[in-house]
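If you want the building blocks of each chain, they are given just below.
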Amino acid sequence: MDALMTTTNLGGELLSFKLEGIEKIHQGEEARDEKGNVYWKRHAPVLFPIVGKLRRNQTIINGKTFDMSQHGFARDLEYEPVTKLDNFHSYVLKSNSYTMARFPYDFELYNTYIQEENKLTFLYKVVNTGSSIMPFGIGSHPAFKIDQDDLKRGNYYLEFEDEEKLVHFLYLIDGLVGTDYAKNQLINNRILKIDDHTFDNDAIIIKGVQNKKIVLKNRRTGKTVLKMNFEGWPYLGIWAKPGAPFICLEPWMSTADRINSTNIFAEKTSMIKLNPGEEFENKFSVEFFN
């Protein structure tokens, strides 16, 4: 099976995955609406050292206040290439003066992409290279290309492998997590409809998925577009710009601040905490179909 992936040093980001010559990843600034406006300039960024938004875009670390924009800084920085083979691309971002001014910890962040026929594995590793405990969040934000006409006609839907009776939908208020849950949108505990108004009120964030396998299907063609296995990730974000020809399926380890956050970084929900010298590693995979 002929597959080709393209990645870049900027953000250590996946730019393209073509299966038999057919593009599967949203093409960023190349995708524009009828007025020529870019829907979303990115492709598949990593979110680090936060996922989502901080209250007032600030956080407190060791008694000091730091500014940090939504989803952190890693997606906008130049990584160093580690390995670049046809089917194995790996990059590393190391802490520096820029990152220390926003996140005062020494770290190494590795983004690795492994292609096996129609399957792409995203692998992330974080190493605490400093001398103190390092709290952080991490997530992925891949955008998958879909047909705009089928989106407008409501032909796309997501289906979990099994019934998910224990899930909760987080309620977002201006990008922050509310104190109450949102309405459960699953049909028969398995299916989530997708159309051009699904994301009018921001992203859908689900926690509590038991069997972490989900498929994107097209009702008109009867075909499966992709299958994702996000075992080990406690949250799944689902998002697109309303009406845009892509959908993001986003495995997250943590999420945005709560509306009543103390702003203390170490007290954020679901933070990973690494001792000096420790490593964190997690992965997810996507199978693509034509």
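Located above this text is the structure these notes cover.
### Remarks on the packing of aromatic side chains
Under the defined criterion, the tally for this structure stands at 19 aromatic pairs. Positioned above the aromatic ring of Tyr 98 is the side chain of Arg 102, whose terminal nitrogen or guanidinium carbon lies 3.6 Å from the ring centre.

### Let's talk about empty space enclosed by the protein
Throughout the structure, instances matching the rule amount to one cavity of 30 Å³ or more. Of the voids in this model, the largest cavity is the one considered here, and its volume is about 40 Å³. Among the residues forming the lining of the largest cavity, the class breakdown is four nonpolar, two polar and two charged.

### Comments concerning the layout of surface pockets
In this model, the largest pocket occupies a volume close to 330 Å³. Around the largest pocket, the lining comprises 19 residues; the ones closest to its centre are Gln 70, His 71, His 141, Asp 202 and Trp 239. Its residues assigned to classes, the lining of the largest pocket comprises seven nonpolar, six polar and six charged. Each pocket or cavity is described by its volume, and for the second largest pocket that value is around 280 Å³. Elements with a minimum of two residues in the lining of the second largest pocket: strand S3 (22–23) and strand S20 (223–229). Here the lining of the second largest pocket gets three residues from one element, more than from any other, and that element is S20. Broken down by class, the residue content of the lining of the second largest pocket amounts to five nonpolar, four polar and six charged.

### Thoughts on the sheet that holds strand S10 (residues 119–128)
With antiparallel pairing, nine strands are arranged side by side in an open sheet as S7-S8-S9-S10-S24-S20-S19-S14-S17. Looking along the sheet, the strands with just one partner apiece sit at the ends: strand S7 (80–85) and strand S17 (191–194). Within this sheet the neighbouring strands show an average axis-to-axis angle of 15°, counted without direction.

### Details of the nonpolar core
Counting residues in each nonpolar core, the largest one holds 86 residues, and the members touching the most others are Phe 48, Phe 103, Leu 109, Phe 136, Ile 138 and Ile 238. In terms of residues, this core owes the most to one element, strand S22 (residues 246–252), which gives five residues. The contacts of Ile 238, once residues within four sequence positions are left out, are Leu 158, Leu 192, Phe 199, Ala 203, Ile 204, Ile 206, Ile 247, Cys 248 and Leu 249.

### Here's the deal with the side chain of Asn 263
Mapped onto the elements of the fold, Asn 263 is located in the loop between S22 and strand S23 (272–274). Classification of Asn 263 as buried rests on a relative accessible area of 4%. Asn 263 has contacts with Arg 55, Arg 56, Gln 58, Thr 59, Ile 60 and Asp 257, leaving out every residue within four places of it along the chain.

### Notes on the pairing of strand S1 (residues 3–8)
Here S1 shows one buried face, formed by Ala 3, Met 5 and Thr 7, and one open face, formed by Leu 4, Thr 6 and Thr 8. When S1 meets strand S2 (residues 13–19), the two strands line up antiparallel, connected through six bridges. Across the sheet, Thr 8 pairs through a bridge with Glu 13, a residue of S2. Linking S1 to S2, which pair antiparallel, is a turn of four residues; within it Gly 11 sits at a positive phi near 75°.

### A few points about the pairing of strand S19 (residues 213–218)
When strand S14 (residues 156–160) meets S19, the two strands line up antiparallel, connected through five bridges. Across the sheet, Leu 158 pairs through a bridge with Leu 216, a residue of S19. Across six bridges, S19 lies against S20 in antiparallel orientation. Each bridged residue has a counterpart across the sheet, and for Lys 217 the counterpart in S20 is Thr 224. The turn joining S19 and S20, which pair antiparallel and follow one another in sequence, is formed by four residues; a positive phi near 75° is taken by Gly 222.

The rules behind these values
Residues numbered from 1 in each chain as written. Predicted model: local features only at pLDDT ≥ 70, side-chain atom pairs only at ≥ 80, totals over all residues. Heavy atoms only, no water. Phe/Tyr/Trp six-rings, centres within 6.5 Å; stacked < 30°, edge-to-face > 60°. Lys NZ or Arg CZ within 6 Å of the ring centre and 35° of its normal. 1 Å grid on protein atoms, 1.4 Å probe; cavity = no way out; pocket = protein on both sides within 12 Å on 5 of 7 lines; lining within 4 Å. Points joined across faces, edges and corners; volume = space filled by probe spheres on them. Nonpolar A, V, L, I, M, F, W, Y, C, P; charged D, E, K, R; others polar. Helix = DSSP H or I, 4+ residues; strand = E, 2+ residues; numbered from the N terminus. Pairing = 2+ DSSP bridges. Axes fitted to C-alpha atoms, helices over the stretch in contact; angles between N-to-C directions. Core = buried A, V, L, I, M, F, W, Y, C linked by side-chain atoms within 4.5 Å. Buried < 20%, exposed > 50% of the residue type's maximum accessible area, 1.4 Å probe, protein only. Contact = heavy atoms within 4.5 Å.

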